[in-house]
Amino acid sequence: MKATSPGRFFRLAVFAPAAAALFVIISVFPYEYRDSDSSCYSSLSQKLARRPYGEWCAPQWDGHGGNEGLFFEHPPGIFWLPALFIQAGVKADRAALWANFVYLLSSLFLIFKLAERRGDSLLGWGAVWGVILTPAFLQYLIRANQEPPLALAVLAGIYGLVRLRDSRWGGWLFAAALVSAVMIKGVSAVWLSLPAGLFWLLAARNRKTFSWIAAGHLIALAAAALFEVWFRETTQLGFWSSYFAVQGGRSLGGAFRPLHAAYNFAWYAARILWFAAPWTFLLIYDGAASLRKKRPFPRDGFARFLLLSVLIAAVLFSLSDRKADRYIFPAYPLTALAGLLVFFKVRPKAADYLAKGERWFPAAFSLALVVLTFLRIFFHSHLYRYVRIWPQ
């Protein structure tokens, strides 16, 4: 099986024809925001784009959803790229969707690279093909939520740690990803902190990796402190104290309730089962086979690391009084990637099958993304939002 040039193929397949087509489609064809989060982030980005750069630390509600005053729900990083697109001439109501395509296409590239390092370009292609067919990808293909950029930060941070073995720039990528996660989703940056700690424990227990993980967190804390200074100079108020008050008041309702936490965990497990399907079902099959044969599960070490990261994060989020599909969004691409790695480990002949048509992958993958985008626009009825294994 001959490995080809994945970098060139992937750029041709995604970042050239497919990306251009996706941006044109979402700019030309009619689309209405149907979920409240997308509507909110698009609206506030448009308002922020009309304000001086010095005030971009402090978005205003300006009456959206009946709210007034400063936006303390999350740090404002989610608004900056759409606002920049608007200033560059993109239609104001489509800029957030442009940003979403940037996040998703970049995430696919990182998934390709992570899978490629476990084998070759064929494994990378198999991974991205598998991910774009999951319910999570299809639902978020055209949205304006915080979840895709958070997942991108998590994937970028993990890829940075993996690349530390080859180059120091991997450490800088990890630090940049952690800063991005903090500025987009605040405390949900734990979605990268947890895998980083596990990666050191399981895969790279050495001084270099530990030093870069520690440095990345110090850089993220410094960035948060600088943002606080910027916010205070602009508004004469503190951001992080208000943010933690908002989030803590919603998430922590009193005494710890074990049964409630167990219910939340089962609820999240059902979400992962569905949104990362069909690869979750393959993981269950391989887990049962591994139990019968008394062998380690999963057989791929990197897949084991991904699943442990998802498990620990799901347990942590289950302790909250609130729950939502989006709170564990990074779990979906991480679980799907783990399932795909296991699939190619269990079925090695699948790679040989893929090798027969590898030269067609660039055109086929581009076409698949364009077709899925058209379908997502014209069948925009929250199909994947309301197909649930378990009610809210």
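Worth saying up front: this structure is predicted, and the values here are computed from it rather than measured. (Residues numbered from 1 in each chain as written. Predicted model: local features only at pLDDT ≥ 70, side-chain atom pairs only at ≥ 80, totals over all residues. Heavy atoms only, no water.)

Undergrad: So what about the packing of helix H10 (residues 190–202) against helix H15 (residues 301–318)? Which residues, and what values?
TA: With their axes 9 Å apart at the nearest point, H10 and H15 run at an angle of 135° to one another. The angle between H10 and H15 falls in the class oblique. The crossing of H10 and H15 is right-handed. Contacts between H10 and H15 involve Val190, Trp191, Leu194, Pro195, Leu198, Phe199 and Leu202 from the first element and Phe305, Leu308, Ser309, Val310, Ile312, Ala313, Leu316 and Phe317 from the second. For the contact of H10 with H15, a count of residues per class yields 14 nonpolar, one polar and no charged. (Axes fitted to C-alpha atoms, helices over the stretch in contact; angles between N-to-C directions. Helix = DSSP H or I, 4+ residues; strand = E, 2+ residues; numbered from the N terminus. Parallel < 35°, antiparallel > 145°, perpendicular 65-115°, else oblique. Left-handed = near helix turned anticlockwise from the far one by under 90°. Contact = heavy atoms within 4.5 Å. Nonpolar A, V, L, I, M, F, W, Y, C, P; charged D, E, K, R; others polar.)

Undergrad: Summarise unusual backbone geometry; cite the residues concerned and give the values.
TA: Cis peptide bonds are those with omega within 30 degrees of zero, and the linkage from Ala277 to Pro278 qualifies with 5°. Positive phi, normally seen in glycine, also occurs at Gln236, with a value near 65°. Following the sequence through the fold, Gln236 ends up in the loop between helix H11 (207–235) and helix H12 (239–251).

Undergrad: If you had to explain a nonpolar patch on the surface to someone new, which residues and values would you point to?
TA: Together, Leu201, Leu202, Phe265, Leu308, Leu311, Ile312 and Val315 make up an exposed nonpolar region whose accessible area comes to about 550 Å². Of all the elements in the fold, those that place two or more residues in the nonpolar patch are H10 and H15. Per-element accounting of the nonpolar patch gives the leading share, four residues, to H15. (Patch = residues over 30% accessible without salt bridge, like charges linked within 9 Å, V, L, I, M, F, W, Y side chains within 5 Å. Areas by Shrake-Rupley, 256 points an atom, 1.4 Å probe, with all protein chains shown as cover. Salt bridge = Lys/Arg side-chain N within 4 Å of Asp/Glu carboxyl O.)

Undergrad: Could you give an account of the state of the cysteines, naming the residues involved and the relevant values?
TA: Here is the idea: a disulfide is a covalent bond, and it sits between the sulfur atoms of two cysteines. Scanning all chains against the criterion turns up zero disulfides. With no disulfide of its own, Cys57 lies closest to Cys40 among cysteine sulfurs, the gap being 17 Å. (Disulfide = S-S within 2.5 Å.)

Undergrad: Can you explain the environment of Phe302? Please cite residues and give values.
TA: Its place among the elements puts Phe302 in helix H15. Look at Phe302 and you get buried, because its relative accessible area is 9%. When residues no more than four places from it in sequence are discounted, the contact partners of Phe302 are Leu114, Arg118, Ile158, Val162, Leu337 and Leu341. (Buried < 20%, exposed > 50% of the residue type's maximum accessible area, 1.4 Å probe, protein only.)

Undergrad: Give a description of the pattern of salt bridges that names residues and reports values.
TA: A full pass over the atoms with the stated rule returns 10 salt bridges. Note that Arg326 is salt-bridged to Asp37, the shortest N-O span being 3.4 Å. On the criterion of sequence distance, the pair formed by Arg326 in the loop between H15 and helix H16 (331–346) and Asp37 in helix H3 (residues 36–49) is long-range, its members being 289 residues apart. Here Arg326 falls in the partly exposed class, since its relative accessible area comes to 29%. Where Arg51 meets Glu55, a salt bridge forms, and the shortest distance between an N and an O atom there is 3.1 Å. Take Arg51: its relative accessible area is 18%, and that puts it in the buried class. With relative accessibility at 30%, the residue Glu55 sits in the partly exposed group. It is possible to trace a salt-bridge network through shared partners that takes in Arg117, Arg163 and Asp166.

Undergrad: Got a sec to walk through the layout of surface pockets? Specific residues and values, please.
TA: Of the voids in this model, the second largest pocket is the one considered here, and its volume is about 410 Å³. Together, 15 residues line the second largest pocket, and Ile272, Leu307, Val310, Leu311 and Thr335 are the ones closest to its centre. Elements that contribute at least two residues to the lining of the second largest pocket include exactly helix H13 (258–275), helix H14 (279–293) and H15. (1 Å grid on protein atoms, 1.4 Å probe; cavity = no way out; pocket = protein on both sides within 12 Å on 5 of 7 lines; lining within 4 Å. Points joined across faces, edges and corners; volume = space filled by probe spheres on them.)

Undergrad: With reference to specific residues and values, describe the side chain of Ser320.
TA: Checked against the element boundaries, Ser320 lands in the loop between H15 and H16. The buried category is assigned to Ser320, whose relative accessible area is 14%. Within the structure, Ser320 has its side chain in polar contact with the backbone nitrogen of Arg322 (distance 3.1 Å). (Polar contact = N/O pair within 3.5 Å; in protein donor to acceptor, adjacent residues only side chain to side chain.)

Undergrad: I'd like a rundown of helix H9 (residues 169–185), residues and numbers included.
TA: A rise of 1.5 Å per residue sets the reference length of H9, with its 17 residues, at 24 Å; its end C-alpha atoms lie 24 Å apart and thus fit the reference within 8%. With respect to burial, H9 is a largely interior element, 12 of its 17 residues being buried. Among the residues of H9, those classed as buried are Gly170, Gly171, Phe174, Ala175, Ala177, Leu178, Val179, Ala181, Val182, Met183, Ile184 and Lys185. Looking one or two places after H9, you find Gly186, whose phi comes out positive at around 60°. (Expected span 1.5 Å × (residues − 1).)

Undergrad: If you had to explain the side chain of Thr280 to someone new, which residues and values would you point to?
TA: Structurally, Thr280 is set in helix H14. Ignoring any residue separated from it by four or fewer positions in sequence, one finds Thr280 in contact with Ile272, Leu273 and Thr335.

Undergrad: Explain the environment of Leu194 to me, and be specific about the residues and the numbers.
TA: Locating Leu194 in the fold gives a position in helix H10. Overall, Leu194 belongs to the partly exposed group, its relative accessible area being 24%. With 117 residues separating them along the chain, Leu194 and Gly77 place their C-alpha atoms 21 Å apart. Beyond its immediate stretch of four places on either side in the chain, Leu194 contacts Ile312, Ala313 and Leu316.

Undergrad: Requested: an account of the nonpolar core, with residues and values cited.
TA: Counting residues in each nonpolar core, the largest one holds 130 residues, and the members touching the most others are Leu108, Ile158, Phe302, Leu306 and Leu337. No other element matches the 14 residues that helix H5 (residues 95–116) contributes to this core. Sequence-distant contacts of Leu306, that is, excluding residues within four places in its chain, are made with Ile158, Leu334, Leu337, Ala338 and Leu341. (Core = buried A, V, L, I, M, F, W, Y, C linked by side-chain atoms within 4.5 Å.)

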